[in-house]
Amino acid sequence: MSTDAATGTDPVRNAPDVATLSYEQARDELVQVVGRLETGGEPLEASLALWERGEALAARCQEWLDGARERLAAAQQGSLSSAESPEDAE
């Protein structure tokens, strides 16, 4: 990413820590990063920084999705266990 002329800062460098982002925040930022990479025009260093940020964002989204799958599986297991009656166990 190029330096922001108004603030003199690199937006990737000042972006929030990926570990603190919700799924929706990480996904939305990832969409923006991919868009910037697809349009090109960024210097090599900025493109590499964008790529690295995108990789981190994608990993964060995957963490959220994996956690959601685990919670669903646990909820389904709980529903199955509670649906069994003591007579079914014999």
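How each quantity is defined
Residues numbered from 1 in each chain as written. Predicted model: local features only at pLDDT ≥ 70, side-chain atom pairs only at ≥ 80, totals over all residues. Heavy atoms only, no water. Helix = DSSP H or I, 4+ residues; strand = E, 2+ residues; numbered from the N terminus. Buried < 20%, exposed > 50% of the residue type's maximum accessible area, 1.4 Å probe, protein only. Salt bridge = Lys/Arg side-chain N within 4 Å of Asp/Glu carboxyl O. Core = buried A, V, L, I, M, F, W, Y, C linked by side-chain atoms within 4.5 Å. Polar contact = N/O pair within 3.5 Å; in protein donor to acceptor, adjacent residues only side chain to side chain. pLDDT = per-residue confidence, 0-100. Contact = heavy atoms within 4.5 Å.

### Notes on the overall build of the chain
Part 1 of the argument: For the chain, the count of helices and strands is three helices and zero strands.
Part 2 of the argument: From first element to last, N terminus to C terminus, the chain shows the α and β order α-α-α.
Part 3 of the argument: Looking at the chain as a whole, 19% of its 90 residues are labelled buried.

### Focus on the pattern of salt bridges
Part 1 of the argument: Throughout the structure, instances matching the rule amount to five salt bridges.
Part 2 of the argument: Linking R36 and E42 is a salt bridge whose minimum nitrogen-to-oxygen distance equals 2.4 Å.
Part 3 of the argument: The class of R36 is partly exposed, set by a relative accessible area of 29%.
Part 4 of the argument: R60 is the salt-bridge partner of E63, the closest N and O atoms lying 3.0 Å from each other.

### A word on the nonpolar core
Part 1 of the argument: Within the largest apolar cluster, nine residues are counted, these being V12, V18, L21, A26, V33, A49, L50, L57 and C61.
Part 2 of the argument: Of all the elements in the fold, those that place two or more residues in this core are α1 (23–39) and α2 (44–83).
Part 3 of the argument: Looking at this core, the element that brings in the most residues is α2, giving four residues.

### Brief notes about the side chain of E42
Part 1 of the argument: Relative to the helices and strands, E42 is located in the loop between α1 and α2.
Part 2 of the argument: The exposure class of E42 is buried, given its relative accessible area of 19%.
Part 3 of the argument: A polar contact is formed between the side chain of E42 and the side chain of R36, at a distance of 2.4 Å.

### Comments concerning the confidence of the model for the chain
Part 1 of the argument: The predicted model of the chain averages 84 in pLDDT, with 79% of residues at 70 or higher.
Part 2 of the argument: Ranking the helices and strands of the chain by mean pLDDT puts α1 first, with 96, and helix α3 (residues 86–89) last, with 54.
Part 3 of the argument: Confidence over residues 1–9 falls short of pLDDT 50; this stretch has 18 contacts with residues more than four positions distant or in other chains.

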